[in-house]
Amino acid sequence: MKRLIPFLVLLSTLLAGCCDPLPPATPTATPLPFPSSGFTPTPIRLIYGLTLAPSGIDPHVNASSELGIPLTSVYDTLVYLDPESGEFVPGLAEDWDISEDEMAYTFYLRKGVTFHDGTPFDAEAVRFNLERITSPDLASQKARFMLGPYERTEVVDEYTVRIHLGEPFAPLLDSLSQVYLGMASPTAVEKWGSDYQLHQVGTGPFTFAEYVPQDYLLLRRNPDYAWGPKIYQHETALAEEIEFRFFADPATRSPALETGEAEIMGEIPPQDAVRLMESEDFIIEAVPIPGVSLMFFLNTTRAPLDDVDVRQALLYGTDRQAIVSTIFRDTSPVAYGPLAANTFGYEPAVRDYYAYDPTQAAALLDAAGWIDTDDDGIRDKDGEPLVLDMFLMSWGHMPEIGQLLAAQWAELGIGVNNQVVSYPEALEVAGEGRHHLIPFNLSGSDPDILRKFFHSEAGFNWSKLDDAEMDNWLEVAARTSDWEEREALYSQIQLRVMERGVAIPIRDYVNLNGASSQVEGLHFDAQGWFPWLIDVTVTEIQ
Amino acid sequence: MIARYIGRRLIQAASVLWLAATLAFVAMKLTPGDPAQALLAASGATETEIAERRTQLGLDDPLPLQYARYLWSLAQGDLGQSWLHGRSVGQMILEQFPATAELAISAIIIGTALGLALGVLAALRRSTWLDTAATALAVIGLSTPTYWSGLLAILLFSLHLRWLPATGEGDPRHLLLPSLVLGCALSGSIARLVRARVVEIMEEPFVQAARARGIPPWRVLLVHVLRPALPTALTVVALQFGFLLGGAVVTESVFARRGLGKLAVEAILWRDLPVVRGVIVLGALVYVLVNLAADLAQAWLNPRLREELA
């Protein structure tokens, strides 16, 4: 009996915890009282739900989009991309010019900027950052490659810095406008070494206050911030502290918003978003993401997809609208071409290709000699059934899309073998060309992103293209800074992709953010992923 | 004598650790996919740059050399750097371990209490509706996946009743829901075994004798029946620890808690070998230690075993 006593005490303590109910859900944010009385107002703390615990969050080292959601407010960049006009606007650089040969970019830096730790920001700091990013020891997973043919950085004077390239690289300004190339305090980087990602220091509107990996990340307003780009509109913003919490399971995101455990939540599942849209207590901020739309790449080197008629039959036989309506509840636009419609350089003429037409699809297959001779529901030719191997990854609703496609194509007499694989395995399968179809999408604001998919030497050349003319267009477009020339080239590239029927576009990616209706001023940068937290405010609670 | 016993068990433990580390290595090498490519493909790195990274990570070396290096650094207690995070694996594990341990321990307490109560109740009221109900509860606990029961619990206790927060951590309230869910799942098998053992003991002559001596029924139950049944419960709890570590992975994800589970899943998906090795070796170590402790506690509870050891 004696041995049971401590055990029972422990048990009763545990059970006691559940007896006093929580107060009904109220947002944790409290507005600042008007300064009539003497007490200090409690700072407003917003809780912002992210979908994953970011895996490593040093923007110079790691690659996730997640890390940029908080850190875009910790770091400033040399330039910013105005999502409205598509123009680059001054950031830490007040002005810049590009040399005649387009291989040297000179930046004239803003004076009087300091990092959160008091280190002054100057040309030497820019050089330090770019050298850090390109150092092989850092093993950067993204930032290094965004700099393309980077060679070195020259400090011209205290506030002038020049970046030298090995060859012209048109996407450079776009890269420099992203958090991955944000400016970190050289003092902090040297002080913390490999632990820097737990103690990040930038010049941005918020400081990196506390971070417990996979638990929470707290940002606190930088009171000295006076050098924001003109695209920030923070006159009325009130959020003093922003606490990021992580909700990896999609099913838990909307409940967390509804119970008031978070005021803002990223990547709400479409069915929950549709429900929240109808409620007065919540707003859904649907942000289209520029880049390469979600599309299924067709392996043009593997029979029967080496036959353009069969590929076009698949395109005609795909009811994209049905997929977008069923799986995404019409929260995403249907994709018509390789670039999302809000990407700079998008060619609207892609909309004229491959409207859903199962009759046309069947006619193309008949003409190509694929006929169901043995009456098993699957077309065949020379004794070979028309069965395609489709590889899918588990995220982004790909398995559901794969099922719908298989059902749609079954009606045309096309069989599909679906297989879900991990990302590293997908890279291997598609690299070796063991697939007929495999989907992917990638976000990015510069159309040079097409080079990663349709150049014959590209890592994601999952259509297995080997088109010298296309390679040339992609290479020239990456080197040319004349926007009209680039636009013409990208238009040709997009139309070529459609004519040859090398991929089936499905939908443009949309980032469905949910927020309490008391949250105002939530808007996102040109990438569509990164919120300008300095503009966020909370209206008075009734 | 007991020292020799512990010594023998520690040697066993070392071989379990070696086996776990080796299995992790073999499994990761058999899984298709190249870590360097997974890390860099989306960034637009060229084939040459990816190959350079592969060399940098030592993935170009012959497998026996990779394996030897893998074991050697482990033997020195160096868990290495995560390929994905670029941070020290030991430190990453230290950050996550307390959260998982907290969840596992409270789930064990709840699961054991619930399992004991249900098992004893079912045994005492054998073949009545109580027995059936307790059995049904145990089977439901045993067969319901925690990702599902977790969501149901969130729906009921957080969204409708608003008693407990659905996600996050901090105060004990945050811990209660996930550990209840995991504890309930755990209680099923404990309840089944405890019930069987108690039924068995109730038939024993010494229980009959105790009753005949007029000892009050509660005392018969606590001293004469429950005490010999405890070692059974203890063994199950220790063996269930493996299940618990696995269940914690899922539970952590549903309740948006941090922990080793999340770390492991991410590392496996990205072929981040140093992190996989770290988590697996730690998991094996904890499992071995818990079972060693359970065996020692058994000996302490069971005089016959104690004599055998001595």
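Rules behind the numbers
- Per chain, the residues get numbers from 1 upward, laid out in the order the sequence is written.
- As a convention, the first chain written is A and the first ligand written is 1, with the rest following in written order.
- Local features in a predicted model are, by the rule used here, given only for residues with pLDDT of at least 70; side-chain atom pairs are given and counted only at 80 or more, and totals for whole chains, interfaces and linings are based on all residues.
- Excluding hydrogens and water, the side-chain figures rest on all heavy atoms present in the structure.
- Secondary structure is summarised from DSSP: a helix means a run of H or I of at least four residues, a strand means a run of E of at least two, and numbering begins at the N terminus for each.
- As a rule, the C-alpha atoms of each element are fitted with a line to give its axis, helices using only the stretch in contact, and angles between N-to-C directions run from 0 to 180 degrees.
- Convention used here: angles under 35 degrees read as roughly parallel, angles over 145 as roughly antiparallel, angles from 65 to 115 as roughly perpendicular, and any remaining angle as oblique.
- Whether a crossing is left-handed or right-handed is set by the direction in which the near helix is turned from the far one by less than a right angle, anticlockwise for left-handed and clockwise for right-handed.
- The contact criterion used is simple: two residues touch if any of their non-hydrogen atoms lie within 4.5 Å.
- Residue polarity is assigned by list, with Asp, Glu, Lys and Arg as charged and Ala, Val, Leu, Ile, Met, Phe, Trp, Tyr, Cys and Pro as nonpolar; anything else, Gly included, falls into the polar class.
- Salt bridge, as used here, is a side-chain nitrogen of Lys or Arg placed within 4 Å of a carboxyl oxygen of Asp or Glu.
- Pairing of N or O atoms within 3.5 Å defines a polar contact, subject to two protein rules: one partner must be a possible hydrogen donor and the other a possible acceptor, and residues neighboring in sequence count only if both atoms are side-chain atoms.

All names here are of chain A. Here the amide bond leading from Ala303 into Pro304 is cis, since omega sits at 5 degrees, within 30 degrees of zero. Mapped onto the fold, Pro304 is located in the loop between strand S13 (291–298) and helix H9 (308–316). Backbone geometry at Glu267 places phi at a positive 50 degrees, although glycine is not the residue there. If you trace the backbone, Glu267 turns up in the loop between strand S11 (264–265) and helix H8 (270–277). Phi at Tyr354 takes a positive value of approximately 55 degrees, unusual for a residue other than glycine. Secondary-structure assignment places Tyr354 in the loop between helix H10 (320–328) and helix H11 (358–367).

Residues and elements named next belong to chain A. In contact at an axis separation of 10 Å, H10 and helix H12 (residues 398–410) are set at 140 degrees when each is read in the N-to-C sense. Relative to H12, the element H10 is oriented oblique. H10 and H12 meet at a crossing whose hand is right-handed. Only Glu400, Ile401, Leu404, Leu405 and Gln408 of H12 make contact with H10, whose side of the interface consists of Ala322, Ile323, Thr326, Ile327 and Phe328. Across the contact of H10 with H12, the residue classes break down as 7 nonpolar, 2 polar and 1 charged.

Opposite the 53 residues of chain A that make contact, chain B presents 54 residues. Summed over the shared surface of chain A and chain B, the number is 0 salt bridges. Viewed at the interface, chain B and chain A are joined by 12 residue pairs in polar contact (both at pLDDT 80 or more). Here the residues of the side of chain A that touches chain B are counted per class, giving 29 nonpolar, 12 polar and 12 charged.

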